[in-house]
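# Examining the three-dimensional arrangement
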Amino acid sequence: MHVKARCLAAGAALWLALVASWPVAAETVDVKYRGPVDLAKFQCTGELDSSVVKRVCYNAEHSYMLIRLKQVWYHYCEIDQGTVSALLAAESKGSFYYSNIKDSGTGGKFGCRDKPVPEF
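For every chain, the first residue of the written sequence is number 1, and numbering continues from 1 along that sequence. Local features are withheld for residues below a pLDDT of 70 in this predicted model, meaning they are given only at 70 or higher, and side-chain atom pairs are given and counted only at 80 or more; totals for whole chains, interfaces and linings count all residues. Computation of side-chain values: all heavy atoms of the structure, hydrogens and water removed.

By convention in this document, the label disulfide applies to cysteine sulfur atom pairs within 2.5 Å. Evaluation of the coordinates by the stated rule reveals 2 disulfides. Put simply, cysteine 44 and cysteine 57 are joined by a disulfide, and their sulfur atoms are 2.1 Å apart. Between cysteine 44 and cysteine 57 the disulfide shows an S-S torsion of about 120 degrees. By sign, it is right-handed. With cysteine 44 in strand S3 (residues 43–44) and cysteine 57 in strand S4 (residues 53–59), this pair connects stretches of sequence that are 13 residues apart. Here cysteine 44 falls in the partly exposed class, since its relative accessible area comes to 30%. Secondary structure follows DSSP: runs of H or I at least 4 residues long count as helices, runs of E at least 2 residues long count as strands, and numbering of each begins at the N terminus. Only protein chains enter the accessibility calculation, which uses a 1.4 Å probe; a residue whose area is less than 20% of its type maximum is buried, one above 50% is exposed, and one in between is partly exposed.

This brings us to the side chain of arginine 55. On the secondary structure map, arginine 55 appears in strand S4. Of the residues examined, arginine 55 reaches a relative accessible area of 13% and is grouped as buried. Polar contact is the term for a pair of N or O atoms within 3.5 Å; when the atoms are in protein, one must be able to donate a hydrogen and the other to accept it, and sequence-neighboring residues count only if both atoms are side-chain atoms. Separated by 2.8 Å, the side chain of arginine 55 and the backbone oxygen of threonine 45 make a polar contact. Residue contacts are defined here by distance: any two heavy atoms, one from each residue, within 4.5 Å place the two residues in contact. Excluding residues within four positions of it along the chain, arginine 55 makes contact with Glu27, Leu39, Cys44, Thr45, Gly46, Glu47, Leu48, Leu66, Ile67, Arg68 and Trp73.

What follows concerns the packing of aromatic side chains. The relation between two aromatic rings is expressed through the spacing of the ring centres and the mutual angle of the planes. Any pair of Phe, Tyr and Trp rings, taking the six-membered ring for Trp, is counted once the centres come within 6.5 Å. Such a pair is stacked with planes under 30 degrees apart, edge-to-face with planes over 60 apart, and tilted for the rest. In total, this model carries 5 aromatic pairs according to the counting rule given. When the ring of phenylalanine 42 is compared with that of phenylalanine 120, the centres are 5.1 Å apart and the planes differ by 55 degrees; the resulting orientation is tilted. Taken together, the positions of phenylalanine 42 in the loop between strand S2 (35–38) and S3 and phenylalanine 120 in the segment after helix H3 (93–100) put the pair 78 residues apart, joining distant regions of the chain. A relative accessible area of 38% means that phenylalanine 120 is categorised as partly exposed. Taken together, a centroid distance of 6.0 Å and an interplanar angle of 75 degrees make the contact between tyrosine 76 and tyrosine 97 edge-to-face. Pair noted here: tyrosine 76 is in strand S6 (residues 72–76) and tyrosine 97 is in helix H3, with a separation of 21 residues, a long-range link. Classification of tyrosine 76 by relative accessible area gives buried; the value is 3%. Members of the aromatic cluster, each reached through a chain of ring pairs, are Phe42, Tyr64 and Phe120. Counted as over-ring charges are cases with an Arg CZ or a Lys NZ within 6 Å of the ring centre that also lie within 35 degrees of the ring normal. In this arrangement the basic side chain of arginine 113 is found over the ring face of tyrosine 33, its NZ or CZ atom lying 5.8 Å from the centre.

So, to be careful, I would describe these as geometric facts and stop short of saying anything about function.
Below, the structure is given as structure tokens:
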């Protein structure tokens, strides 16, 4: 009986080692007004406990943020790390987003309409 248990444990350990060595599938999201973006070059949050802001991904090198509001991904250009950090620290992420980040129909402070959109 002990031999069987050791074999099962060794088999489980081998399986876990193999799974851990498999490449992680890239996550790609469809961003409104842009199209598919691979998240490999972003630092992303997990699911957030917010009724509006569900996930945030940021690329500091390009000052570029992706944000999922409910089920739709949007992008923002030339957005500084401080603003992204303040968003994540805000008691109400939705209120912070609407007051400090959301663009008007004309582009706004961080809107990508009149700024270069980074290529990845």
